[in-house]
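Understanding the architecture of this molecule
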Amino acid sequence: MIKRIVVLVLIVCASACKSGRITKHISRQLETPFYDNQFTGFLVYNPKTNDTVFSYNANCYFTPASNTKIFTLYSALELLPNNIPAFKYKTDGDTVTIKGTGNPTFLHPFFNDSTALNLCKNYSHVKVICNNLEDEKFGPGWAWEDYDTYFSPERSSFPMYGNVATIGKTDSLQVIPEALAQNVTEVLTRKRRKYNQNIFYYNKKQQDTIEVPLVIDSTLIKQLWQAILPNKVSFQNTNNESFEQVAYGISSDSLYKHMMAVSDNFLAEQMLIMASSTLSDTLSSQRVRTHILKHQLNDLKQQPRWVDGSGLSRYNLFTPTSFVQVLTKLYGEIPRKRLFNLFPVGGKTGTLKRYYHGNDAPYIYAKSGTVGNNYSLSGYLITNSGDTLIFSFMNNHYRQSTIAVKHHMETVFEWLRDNY
């Protein structure tokens, strides 16, 4: 009995000594002059031992940028089935009526899902309902001057082509969707689209393929549907009628993985809208956020200010603790192999390809978040001893380069990997 007590005391002392050493080392790193003129928060948690490894401003609110997509991923995993709900529909003789669910993959340049098109080809008449979205086309706090940038497409209930025009050039201009080819002009300009009009510009001197957000209005929607189903399609406004039949599209995980890898704002926004289709025929990302916070995430220690799915808005406010809590829920509910496959991998894939390299194997699986003067990273760290640590490292309001911030974070991560 005495031996057992002695062993227990020694284990507790060793653990306390280790914890003190980690706290002392990382605190010393965060107290260097580099961090003087910014706001930093960092939380590291061991889910196996239920121990807080390190905590620094962990309960303070930060602008999260695309770290917000972790909450969006969690919501989608909670509410969406294994294959995404492509659209809802009903049939009446030779007529099919289809209602948007927010599915972002229909004719998308990457996914090229044609589920709706394949079904509609079997009917003589197609009625489309695409005004069942309560959200505005842009999220609150989005920057208006981003209207022509690839990362800021409009939200809609029945997206097509990713709600962007994809424009490139080989021997001649190539435009997707082809119906908009006549709307593209080669010209020397920095702007890629006329404000609030589907008039596009391609710079003569560049060779890159560009993606330019579409202005989603009734004229455009009719033009695009007419191009793929000539003389078949009509449009009607939504009503309170419930649509019981659902057509399912691509694997949900393939959507989640691509959204997380390239930090696709459009996919994130539409994932929340699509998740709302499981709650109501009227689509609303706000309804999903409220539902998730009220039910699945009602135990968060600090409730976030959560206003969009992508993190484009600076109105979002989250704490490192909240991210670690959600990441811990994911770690406990989703098989490890599947979960890690959804996150960018340090030194290997997506937004982390150039940073956080491992030695013999990857050690970081995480989501980054970047918006002017703010950079955060939250996810999972594999130590050399085989432990999995869950972390959220948030940096706001710095004036130095983001590359420098990443390098300083990498130093901390590598020390944790090697010494925990």
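So, a few notes on the structure that sits alongside this text.

Conventions and cut-offs
Residues numbered from 1 in each chain as written. Predicted model: local features only at pLDDT ≥ 70, side-chain atom pairs only at ≥ 80, totals over all residues. Heavy atoms only, no water. Core = buried A, V, L, I, M, F, W, Y, C linked by side-chain atoms within 4.5 Å. Buried < 20%, exposed > 50% of the residue type's maximum accessible area, 1.4 Å probe, protein only. Helix = DSSP H or I, 4+ residues; strand = E, 2+ residues; numbered from the N terminus. Polar contact = N/O pair within 3.5 Å; in protein donor to acceptor, adjacent residues only side chain to side chain. Contact = heavy atoms within 4.5 Å. Pairing = 2+ DSSP bridges. Axes fitted to C-alpha atoms, helices over the stretch in contact; angles between N-to-C directions.

1. Focus on the nonpolar core
The biggest cluster of nonpolar side chains holds 49 residues, and the ones touching the most others in it are Leu-255, Tyr-256, Phe-343 and Tyr-380. Listed in part, the 37 residues of the second largest apolar core include Leu-107, Leu-117, Tyr-123 and Tyr-161.

2. Topic: the side chain of Ser-368
Within the secondary structure, Ser-368 sits in strand β13 (residues 364-371). Side-chain polar atoms of Ser-368 contact the side chain of Thr-351, separated by 3.2 Å. Beyond its immediate sequence surroundings of up to four residues, Ser-368 is in contact with Ser-66, Asn-67, Thr-351, Leu-352, Tyr-375, Ser-376 and Leu-377.

3. Quick look at helix α5 (residues 252-262)
An α-helical turn contains 3.6 residues, so a residue and the one three or four places further along point in the same direction. Within the span of α5, buried status applies to Ser-252, Leu-255, Tyr-256, His-258, Met-259, Met-260 and Ala-261. For α5, the capping residue at the N-terminal end is Ser-251, with a side-chain oxygen 3.3 Å from the backbone nitrogen of Asp-253. With its phi angle positive at about 55 degrees, Ser-263 sits one or two positions after the end of α5.

4. Observations concerning the sheet that holds strand β14 (residues 374-382)
Across the sheet, which stays open at both edges, the five strands sit in the order β2-β1-β15-β14-β13 with antiparallel pairing between neighbours. One side of each edge strand has no neighbouring strand; the edge strands of this open sheet are β2 (51-56) and β13. This sheet shows a mean twist of 5 degrees between the axes of neighbouring strands, independent of strand direction. Pairing of strand β1 (residues 39-46) with strand β15 (residues 388-396), which is carried by seven bridges, proceeds in the antiparallel orientation. Its bridge partner lying in β15, Leu-43 is registered against Ser-392. In the packing of helix α8 (residues 320-333) onto the sheet, contacts are made with β1, β14 and β15, and the angle to β15 comes to roughly 150 degrees.

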